[in-house]
Amino acid sequence: NIVESDNPKALFTFTGRKMSNINNGFFLFMFFLLLWCLVHSGTAIDPFSHSHSLETECLIKPPRSNETQGLLLLSRFVEDDSEQEWKIDGNGIIREMAQRIQLHQGNIYSFSAWVKLREGKDKNVGVVFRTENGRLVHGGEVKAKQGCWSLLKGGIVPDVSGFVDILFQSEDREVMISANNVSLKQFSKEEWKLKQDQLIEKIRKTKVRFEVTYQNKTAVKGAVISLKQTKPYFLLGCAMNFRILQSEGYRKWFASRFKITSFTNEMKWYTTEKARGQENYTLADSMLKFAEQNGILVRGHNVLWDDPKMQPSWVKKIKDPEDLMNVTLNRINSVIKRYKGKLTGWDVVNENVHWDYFEKMLGVNASSGFYNLAYKLDPDVTLFVNEYNTIENAKEVTATPIKVKKKMEEILACPGNMNIKGAIGAQGHFSPTQPNLAYMRSALDTLGSLGLPVWLTELDMPKCADQAKYMEGILREAYSHPAVKGIIIFAGPEVSGFDKLTLADKDFNNTETGDVIDKLLKEWQQKSPESQKIFVADIENEEGEVSLLHGHYNVNVSHPLIKNLSTSLSLEVTKEMGQRQVVRVVINA
């Protein structure tokens, strides 16, 4: 049956079919949905508004909303306004109906549903979109619980137009799931960017109104405020490698743009101790000296790496756990003590959700113990869990946002670790295709629900025709999310050898992607912006109000007609100031 509505975005096809096991042992639950209410009631979750409330939700009753414009809503309520959930049985019996929706290439679709388990322990439940050719596009997941409702979020950015079936997914085929308030919201790319921009205004800026008066409190009409940001709060940085020591052009190019970096390999164990007991920090020390001389912050990458293939060659030969523990503790002590107070953060055990070399050799709590030691050696440095495929690959099953979050929780729960300055690093190695920004936003929501800083730490993408456009979308998505506190891209000019994300040619002329990075650096006021001038007419009007990015500013007050009227001050603009702040400047004249 085909059910149509007056809304051109709402076309649903119900198809009868049965399914069993699909795709690597995962069981997909087609949900039986009675279209009682198409666009008249139910809860439509705006993916942007929810990012403000990052706490993991588990509610006794899912909320309701009357928002209907542009929504595809599937909710179930009876006349007395009580709720009835959709029951999705996974014990080998599949409901006969699947929900089919037509999607259009070029749009972004945000999905949400409230789900709960009817029995059993917590399980991960996800949403999957099955295309007409049978391809499964994973859209997001949530940890569902018994007795309360959790919000499943995600979405899809279709690369072709066509119909899709919306499916629920769980790794446990015996799980019993209930769902309600299922919705899909369509955005054009222009609408999505408008939402991003609106959120950027809210989370990255504060409206500041300047009032300039004489000591008798009368307004200095016609005063001019000149502003220049000296230190931004949000940093878009770039990795560097040893080639920066060999090229003056590379050094000038880098120092003129970026204020934070990480070293690709030069701090890693296999670089600094190629032979047992023979440490050599020459490269890392020289690169750190260059950074310090140019006011560039450095993020440490990495102390240890949990991938067995990424150990120094001599470490791979160690079979005795006690011997391995001794050399590992020596490594931690050596590198953290050497750079204590000089770095903004450390990837302590890199990729310890994907890999478990140290856990297999030294015990299941090895990572937690190493974070504890790192914290004791340098209590002020931020300690990261750093993983790949967490925000960039919705098909990931190992380092999903839920599992990365769980790893951080396990580390912090270890005795002695509760005061660690923890953070989550999402590497962001995107494939050269249209990124799924709806999934990315839901993944950042999950990572941000811990309340810890989230960084994109190794952002890149292989060369492709639309690389510049795709990268701009990813960067804006991260910048518009309140949990994200900074970004480091793995990129550079041609001389640097970054062959995926090349920002300038051999003569340091920008590539198209390089133009995007420079544009964002300027837009986010990091690349030596010109002074911004504001004309202040009087106290009553709002001409003296400006929206300022959070950070530190030098402020100069002058008047074109009053020669001796000039004063300067420093101003710090923070989110703690709220959405509006009044700055009063009193002139001694």
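- Within an unreviewed UniProt entry, the label attached to the protein chain reads Endo-1,4-beta-xylanase C, and the organism entered is Noccaea caerulescens.
- Per UniProt, the comment on the protein chain under Sequence similarities (unreviewed entry) is "Belongs to the glycosyl hydrolase 10 (cellulase F) family."

1. Quick notes on unusual backbone geometry
Moving on, step 1. A cis amide bond, omega -5 degrees, links His301 with the succeeding residue Asn302.
Moving on, step 2. Here Asn302 lies in strand E18 (residues 297–305).
Moving on, step 3. In this structure, Asn181 takes a positive phi of about 50 degrees despite not being glycine.
Moving on, step 4. You can call Asn181 buried: its relative accessible area is 1%.
Moving on, step 5. Residue Lys217 is not a glycine yet carries a positive backbone phi of 75 degrees.
Moving on, step 6. Owing to a relative accessible area of 69%, Lys217 belongs among the exposed residues under this scheme.

2. Quick notes on the packing of helix H11 (residues 437–448) against helix H12 (residues 467–479)
Pairs of packed helices are described in terms of their axes, by the angle between the two and the distance that separates them.
Moving on, step 1. Where H11 meets H12, the axes come as close as 10 Å, and the angle between the chain directions of the two elements is 30 degrees. Viewed along their axes, H11 and H12 adopt a mutual orientation that is roughly parallel. The chirality of how H11 crosses H12 is right-handed. Residue-level inspection shows Leu437, Met440, Arg441 and Leu444 of H11 in contact with H12, the latter providing Gly473, Ile474, Glu477 and Ala478.
Moving on, step 2. Looking at the contact of H11 with H12, its residues break down into 5 nonpolar, 1 polar and 2 charged.

3. Comments concerning the nonpolar core
Moving on, step 1. By size, the foremost hydrophobic cluster in this structure holds 128 residues, and its most contacted members are Phe210, Trp346, Ile487 and Ile489.
Moving on, step 2. Viewed by domain, this core spans two of them, domain 1 (57–187) and domain 2 (232–524), each represented by three or more residues.
Moving on, step 3. Setting aside anything within four residues of it in sequence, one finds Ile489 in contact with Leu236, Gly237, Cys238, Ala239, Leu459, Leu475, Leu501, Leu503 and Ile517.
Moving on, step 4. Core analysis: the next-biggest nonpolar cluster, separate from the first, contains 23 residues, Ala113, Val137, Leu152 and Ala179 among them.

4. Concerning the confidence of the model for the protein chain
Moving on, step 1. Residues at a pLDDT of 70 or more form 82% of the protein chain, whose mean pLDDT is 85.
Moving on, step 2. A low-confidence stretch, residues 76–83 (pLDDT under 50), is modelled with 17 contacts involving residues beyond four sequence positions or located in other chains.
Moving on, step 3. Between residues 89–97, whose pLDDT stays under 50, and residues either more than four places distant or in other chains, the model counts 34 contacts.

Rules behind the numbers
- Residues numbered from 1 in each chain as written.
- Predicted model: local features only at pLDDT ≥ 70, side-chain atom pairs only at ≥ 80, totals over all residues.
- Heavy atoms only, no water.
- UniProt positions renumbered as here; feature names shortened; annotations may be inferred.
- Helix = DSSP H or I, 4+ residues; strand = E, 2+ residues; numbered from the N terminus.
- Buried < 20%, exposed > 50% of the residue type's maximum accessible area, 1.4 Å probe, protein only.
- Axes fitted to C-alpha atoms, helices over the stretch in contact; angles between N-to-C directions.
- Parallel < 35°, antiparallel > 145°, perpendicular 65-115°, else oblique.
- Left-handed = near helix turned anticlockwise from the far one by under 90°.
- Contact = heavy atoms within 4.5 Å.
- Nonpolar A, V, L, I, M, F, W, Y, C, P; charged D, E, K, R; others polar.
- Core = buried A, V, L, I, M, F, W, Y, C linked by side-chain atoms within 4.5 Å.
- Domains from an automatic or database assignment.
- pLDDT = per-residue confidence, 0-100.

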